[in-house]
Amino acid sequence: MAKKGLIISIIVFLVVALFALYLVLNKGYIGKTSLVSINPTTEGEQEIIKPKLTLEFEKEYLSSKNKKDSSEVTITIDGEIVTQGVKLESSDEDIVKINEDNELIPVSDGKATVRATYDGIEASKDIRVITPIKTMTFTTTNSTVRVGKDLQMKLKVTPSDAYIDTLTYKSSDESIATVDNSGIVTGVSAGKVTITVYDSYTETEKSVNLTIRK
């Protein structure tokens, strides 16, 4: 029995060895099916992972009307703040300049890209200089909206060239009326609702009360 078992073991070994040799000679394929994934690599070659450079601004917008306005820039490498050896530059110094303290200084309305370079790696981020809103007033004369109907809220801002993409609208009860970021109110069900517009730059808001009728 022992001799018979030995013979079976030798046969199994030879079959496995021949099968392995077949796979090697055919690069892991049986017919058109690949059983082995072979990834050729160069001896000594290593994947180089570069550190990540990130820019963060103290402010999302800068005012072109306030020459004392500025924004600090925070530069991090893989989450660690760096202050030395970083070069900052503006894509358009007619819009944003960078002073000796690496602060962003507004010049005129527009969008510019700030680029940072550190030890051979780069990062960039956009900054926008705007004319801020001074005042805003709802001028919509209709205070009633029918269910299923729309009402375009009319908002007057000063100065007339103020940047308005800082505005967001909100409904006090979306089960009664909804409002999108263009100021279009849609009646949902009968009731009273307050529509509020908020300016994220000046952190001011205005509200108006509406009645939704069937």
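Provided above is the structure to which this section pertains.
Below or above, wherever it landed, is the structure these notes cover. Quick caveat: nothing in here was measured; it's all calculated off a predicted structure. (Residues numbered from 1 in each chain as written. Predicted model: local features only at pLDDT ≥ 70, side-chain atom pairs only at ≥ 80, totals over all residues. Heavy atoms only, no water.)

Throughout the structure, instances matching the rule amount to 2 salt bridges. Between K125 and E56 there is a salt bridge, with the nearest N and O atoms lying 3.3 Å from each other. Of the two residues, K125 is situated in strand β11 (residues 121-130) and E56 in strand β3 (residues 53-57); the sequence distance between them amounts to 69 residues. Take K125: its relative accessible area is 30%, and that puts it in the partly exposed class. Between D69 and K59 there is a salt bridge, with the nearest N and O atoms lying 2.5 Å from each other. In this pair, D69 is assigned in the loop between β4 (61-63) and β5 (71-77) and K59 in the loop between β3 and β4, connecting sequence segments 10 residues apart. Relative accessible area serves as the criterion here: at 30%, K59 is assigned to the partly exposed category. (Salt bridge = Lys/Arg side-chain N within 4 Å of Asp/Glu carboxyl O. Helix = DSSP H or I, 4+ residues; strand = E, 2+ residues; numbered from the N terminus. Buried < 20%, exposed > 50% of the residue type's maximum accessible area, 1.4 Å probe, protein only.)

A cis amide bond links T158 to the next residue, P159, at an omega of -5°. Relative to the assigned elements, P159 resides in the loop between β15 (155-158) and β16 (167-171). For D78, which is not glycine, the phi torsion reads 50° and is therefore positive. Within the fold, D78 resides in the loop between β5 and β6 (80-81). Residue E203 is not a glycine yet carries a positive backbone phi of 55°. Within the secondary structure, E203 sits in the loop between β19 (191-199) and β20 (204-213). Given the relative accessible area of 61%, E203 is considered exposed.

Turning our attention to the packing of aromatic side chains. One pass over the full model with this rule turns up 1 aromatic pair. Ring plane angle 55° and centroid distance 5.6 Å describe the contact between Y61 and Y163, whose orientation is recorded as tilted. With Y61 in strand β4 and Y163 in the loop between β15 and β16, the pair connects residues that are 102 residues apart, well separated along the chain. When its relative accessible area of 13% is taken as the criterion, Y61 is described as buried. The ring of F57 has K125 sitting right over it, with the charged end atom 5.1 Å from the ring centre. (Phe/Tyr/Trp six-rings, centres within 6.5 Å; stacked < 30°, edge-to-face > 60°. Lys NZ or Arg CZ within 6 Å of the ring centre and 35° of its normal.)

Among the surface-exposed residues, E89, E93, D94 and E122 lie close enough to one another that they form a single negatively charged patch. Among the secondary structure elements, E122 is positioned in strand β11. (Patch = residues over 30% accessible without salt bridge, like charges linked within 9 Å, V, L, I, M, F, W, Y side chains within 5 Å. Areas by Shrake-Rupley, 256 points an atom, 1.4 Å probe, with all protein chains shown as cover. Lys, Arg positive; Asp, Glu negative; His and termini not counted. Charge placed at Lys NZ, Arg CZ, Asp CG, Glu CD.)

Before going further, it helps to spend a moment on a nonpolar patch on the surface. On the surface, I7, I11 and V15 cluster together into a nonpolar patch covering about 270 Å² of accessible area. The topology assignment puts I11 in helix α1 (residues 2-25). Using a relative accessible area of 47% as the deciding quantity, one classes I11 as partly exposed.

The biggest cluster of nonpolar side chains holds 20 residues, and the ones touching the most others in it are I75, L88 and L104. Contributions of two or more residues to this core are made by β3, β5, β10 (110-118) and β11. Of all the elements, β11 adds the most residues to this core, at 4 residues. Beyond its immediate sequence surroundings of up to four residues, L104 is in contact with F57, L62, D69, S70, S71, V73, V96, K97, I98, V114 and I127. Of all hydrophobic cores here, the second largest spans 19 residues; its members include I133, M153, A162 and I212. (Core = buried A, V, L, I, M, F, W, Y, C linked by side-chain atoms within 4.5 Å. Contact = heavy atoms within 4.5 Å.)

Strand direction decides the pairing type here: strand β7 (residues 87-90) and β10, joined by 4 bridges, are antiparallel. Across the sheet, residue L88 finds its bridge partner in β10, namely A116. Between β10 and β11, which follow one another and run antiparallel, lie 2 residues, and D119 among them has a positive phi close to 50°. (Pairing = 2+ DSSP bridges.)

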